[in-house]
Amino acid sequence: NPIFTGTSNTTYIVNVSDPLGGPNCRTTDTVEVIIGTAVTVTPEAAPDTACVGTALTLMASSDATINWFSGEDRTDLNVSGDQLDITVVRGEQVYFAVVSEPGGCTDTARFEITGILIEDLGLQSPLTGCIGETFDLLPNANPNFTYQWAPANLLEDATAANPRTIPMEQDATFSVTVTLPEA
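For the structure given in this document, a descriptive report is provided here.

### Details of the sheet that holds strand 9 (residues 91–100)
Sheet architecture is open: 5 strands sit in the order 4-10-9-6-7, paired in mixed fashion. Because the sheet does not close on itself, it has two edges, and the strands there are strand 4 (49–51) and strand 7 (75–80). For this sheet, the mean angle separating the axes of adjacent strands, direction not counted, is 30°. The pairing of strand 4 with strand 10 (residues 106–116) spans 3 bridges and is classified as parallel. Among the inter-strand pairings, Thr 49 is bridged to a residue of strand 10, identified as Thr 114.

### With respect to the side chain of Ser 70
Within the fold, Ser 70 resides in strand 6 (residues 66–70). The exposure class assigned to Ser 70 is buried, which follows from its relative accessible area of 18%. Excluding residues within four positions of it along the chain, Ser 70 makes contact with Thr 75, Leu 77, Val 94 and Tyr 95.

### Looking at the nonpolar core
Core analysis: the largest hydrophobic core is formed by 17 residues, its most contacted members being Leu 58, Trp 68, Ala 97 and Phe 111. Put simply, the parts of the chain that give this core at least two residues each are strand 5 (55–61), strand 6, strand 8 (83–87), strand 9 and strand 10. Excluding residues that lie within four positions of it along the chain, Phe 111 makes contacts with Pro 43, Glu 44, Ala 46, Leu 58, Met 59, Ala 60, Trp 68, Gln 93, Val 94, Tyr 95 and Ala 97. Ranked by size, the runner-up nonpolar core spans 13 residues in total, among them Leu 137, Leu 138, Phe 145 and Tyr 147.

### Looking at the pattern of salt bridges
Under the defined criterion, the tally for this structure stands at 3 salt bridges. The closest approach of N and O atoms between Glu 72 and Arg 110, which form a salt bridge, is 2.5 Å. On the criterion of sequence distance, the pair formed by Glu 72 in the loop between strand 6 and strand 7 and Arg 110 in strand 10 is long-range, its members being 38 residues apart. Given a relative accessible area of 38%, Arg 110 falls into the partly exposed group.

Quick notes on the rules
- Residues numbered from 1 in each chain as written.
- Predicted model: local features only at pLDDT ≥ 70, side-chain atom pairs only at ≥ 80, totals over all residues.
- Heavy atoms only, no water.
- Pairing = 2+ DSSP bridges.
- Helix = DSSP H or I, 4+ residues; strand = E, 2+ residues; numbered from the N terminus.
- Axes fitted to C-alpha atoms, helices over the stretch in contact; angles between N-to-C directions.
- Buried < 20%, exposed > 50% of the residue type's maximum accessible area, 1.4 Å probe, protein only.
- Contact = heavy atoms within 4.5 Å.
- Core = buried A, V, L, I, M, F, W, Y, C linked by side-chain atoms within 4.5 Å.
- Salt bridge = Lys/Arg side-chain N within 4 Å of Asp/Glu carboxyl O.

Below you can see the structure in the form of structure tokens.
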């Protein structure tokens, strides 16, 4: 079998015949080789985590038309262009920006976003212990988020993801404001 190594569109004429001869033992056909143009799609920055219900715009750029798909099965969203507007739902979501050209060349950008609820932060309440003990308030905190805890005077660091209390002498209630990172 011949292997094509060219760089431009080419048409080949193929003659097939039986070496034992005969006028009905010959045929001719053509094979057209079409060389596609390389295409690329460049994703713009997007958050990898967002609160459920957040409206986000995913963006990508390319010289070719961008088509958008969702899920690992790449369900066609029937949206084309450089952006896709979504509303974040709980759990992992996957989106693809895909470009292609008639010669069959394609490129894909993948976006993964995890939608979280405040319950997903892993806050434990109540924490119980003895007078004089210290407590870690959020052991499984995501260090990529920004935290502001109150009351600050009862904590070693009120902006830590998992702050430790000072030795506690009485009951206390803590609150936290969590900010997800910007894209």
